Amino acid sequence: MNLAAFPRTRLCQAPTPLELLPRLTEALGGPRIWMKRDDLTGMGLGGNKVRKLEFLVGDALARGADHLVTQGAVQSNHVRQTAAVAAKLGLACTAVLEHRIETNDAAYLGSGNVLLDRLLGCAIEYRPGGTDMQAAIEEVGARLASEGTKPYLIPGGGSNATGALGYAAVALELVTQANELGLRIDRLVHATGSAGTQAGLVAGLHALSSPVRVLGIGVRAPKPAQEANVLRLVRATAAFMGVDRPIPDDAVEANCDYVGGGYGQPTPGMAEAVRMLARLEGIFLDPVYSGKGMAGLIDLIRRGAFSTGENVVFLHTGGSSGLFGYAEFFNEAHE
Ligand SMILES: *Cc1c(COP(=O)(O)O)cnc(C)c1O
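From a predicted model like this one, the values you see are computed outputs, not experimental measurements. (Residues numbered from 1 in each chain as written. Predicted model: local features only at pLDDT ≥ 70, side-chain atom pairs only at ≥ 80, totals over all residues. Heavy atoms only, no water.)

## Side note on the overall build of the chain
Worth spelling out the cut-off: Helix and strand definitions follow DSSP, with helices as H or I runs of at least four residues and strands as E runs of at least two, each counted in order from the N terminus. C-alpha atoms define the radius of gyration, and 2.2 Å times the number of residues to the power 0.38 defines the globule rule. Type-normalised accessible area, obtained with a 1.4 Å probe on protein chains alone, sets the label of each residue: buried when under 20%, exposed when over 50%, and partly exposed for intermediate values.
Counting its secondary structure elements, the chain contains twelve helices and ten strands. For the chain, whose C-alpha radius of gyration is 19 Å, the value lies close to the compact-globule estimate of 20 Å for 335 residues. Once the C-alpha set of the chain is aligned to its principal axes, its extents read approximately 60 × 50 × 35 Å. Looking at the chain as a whole, 58% of its 335 residues qualify as buried.

## A few points about the site of the ligand
Filter applied, for reference: Residues are classed as near a molecule or strand on a simple rule: at least one heavy atom within 4 Å of it. For the purposes of these results, a polar contact is taken to be a pair of N or O atoms within 3.5 Å, where, inside protein, one atom must be able to donate a hydrogen and its partner to accept one; residues adjacent in sequence count only when each atom of the pair is a side-chain atom. To measure how exposed things are, a 1.4 Å probe is used in the Shrake-Rupley method; for residues, cover is taken only from the protein chains shown. The nonpolar class holds Ala, Val, Leu, Ile, Met, Phe, Trp, Tyr, Cys and Pro. Asp, Glu, Lys and Arg form the charged class, and all remaining residues, Gly among them, are polar.
For the ligand, the set of nearby residues contains 17 residues, the closest of which are K49, K52, G193, S194 and T317. Between the ligand and N77, the relevant distance is 3.0 Å, taken from an oxygen atom to a side-chain nitrogen or oxygen of the residue. Within the side chain of T317, an N or O atom sits 2.6 Å from a nitrogen atom of the ligand. Protein contact buries 98% of the 380 Å² of open area that the ligand shows by itself. Considering only residue class, the shell around the ligand consists of three nonpolar, eleven polar and three charged.

## Description of the environment of A27
Following the sequence through the fold, A27 ends up in helix α1 (residues 22-28). You can call A27 partly exposed: its relative accessible area is 47%. When the C-alpha positions of A27 and M276 are compared, they lie 9.3 Å apart, and in sequence the two are 249 residues distant.

## Things to note about the sheet that holds strand β1 (residues 18-20)
The condition that has to hold: Criterion used throughout: strands pair if DSSP finds at least two bridges between them.
Pairing in this open sheet of six strands is mixed, and the strands run β1-β2-β10-β7-β8-β9 from one edge to the other. The sheet is open, and its two borders are formed by β1 and β9 (254-255), each paired with just one other strand. As paired strands, strand β7 (residues 187-192) and strand β10 (residues 311-316) are joined by three bridges and run parallel to one another. What sits directly across from V189, in β10, is F314.

## Quick look at the pairing of β7
One face of the sheet, then the other: side chains in a regular strand alternate in exactly this way. What counts is decided by this rule: For the handedness criterion, the strands are oriented away from the viewer, and a crossover whose path from the first strand over the helix to the second runs clockwise is classed as right-handed.
Across the six residues that make up β7, a large majority, six, are buried. One ladder, built from five bridges, connects β7 with strand β8 (residues 214-218); its direction is parallel. Within β8, the position partnered with H190 by the bridge is G216. In the classification by handedness, the crossover that spans β7, the intervening helix α8 (residues 196-207) and the parallel β8 is right-handed.

## Description of α8
What counts is decided by this rule: Helix span is expected to be 1.5 Å times the residue number reduced by one. In this analysis, two residues are considered to be in contact whenever any of their non-hydrogen atoms come within 4.5 Å of each other.
The end-to-end C-alpha separation of α8 is 16 Å, in line with the 16 Å expected for twelve residues at 1.5 Å each. For α8, the tally of buried residues reaches eleven of twelve residues, placing the bulk of the element in the interior. Residues of α8 that are buried: G196, T197, Q198, A199, G200, L201, V202, A203, G204, L205 and H206. As for α8, its buried residues are in contact with α2 (49-62), α7 (161-181), β7, β8, α9 (223-240) and β10. Looking one or two residues past α8, S209 carries a phi angle of roughly 55°, positive in sign.

## Focus: the environment of L20
Tracing the backbone shows L20 in strand β1. Between the C-alpha atom of L20 and that of M35, which follows or precedes it by 15 residues, the distance is 6.3 Å. Excluding residues that lie within four positions of it along the chain, L20 makes contacts with T25, R32, I33 and W34.

## Here we look at the state of the cysteines
Applicable threshold: Cysteine sulfur atoms are paired as a disulfide whenever they come within 2.5 Å of each other.
One pass over the full model with this rule turns up zero disulfides. C12 takes part in no disulfide bond, and the closest cysteine sulfur to it belongs to C93, at a distance of 17 Å. Overall, C12 belongs to the buried group, its relative accessible area being 16%. Of all cysteine sulfurs, the one in C93 lies closest to C122, which takes part in no disulfide; the gap is 3.8 Å.

Quick look at the structure:
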């Protein structure tokens, strides 16, 4: 694994902290729970997409691009982080936002991440739910190119082999921190969506011959589709990094039991997880990803999936600005 071979634009405040959550650990009475704070990567309120953008934007600049084009749901954290990076580097940014959730809620449509996208000067185009969003950005990119700009297309979530390099780099960062702390990590748990985070971690840990096992908690697709998507991207990322030791078929594990009604649809477990982390640790999760990921971890601990001597690291992938888009849900009882 030679990450120095790839163009990279440094954007993250890294290494992000790796810290024990003592009050959450005590409240659940299970394994020791640690948190890798990738909500604190820094740029544009932080989150996991800045990790991927270091390599994506490195590639964009190497190719002479002057306009980032990407897509996501209305409350996309990825779009917010891309827009912030574009602003910092003086690049134009266009985001195509999908009305993936049917709602007239004013906060969802106008606050949280989409409010920040507008403040960042990102041009926004909307598409109805169910649109082929990759095709949509290709169309927008072709239009921008015909107008004389040099667009660089970033897939949803920044999840391709280039973006996943960001999480191969985190695998190295985390293994180094654990070694310094003398910490044996038994499980690394995080929310998985567009697959790049888990794929980069699994590819990076594989390249390092690390025994750390990763569990993705799904937020959208059913388990077979999610595991297949991630595995495909693990193999593409490993090949891209020149790691030729084969990736076993069972290298990827996802648990998709905590999606609830669908992508971005709140669940009682998510609400409980968001409140627990706020009240026990002063840490904000998000309603779409890390809240459901933590809901999964809490439920698995309650079901006895881990023993008390084990060390579980939860990767906090960010997204708390999305909470403001869900103000109505959190304000209406649901305690
Ligand atoms: C995008 C995102 C994820 C999921 O990461 P993927 O690489 O898309 O699987 C998790 N948490 C937050 C807060 C995100 O914005």
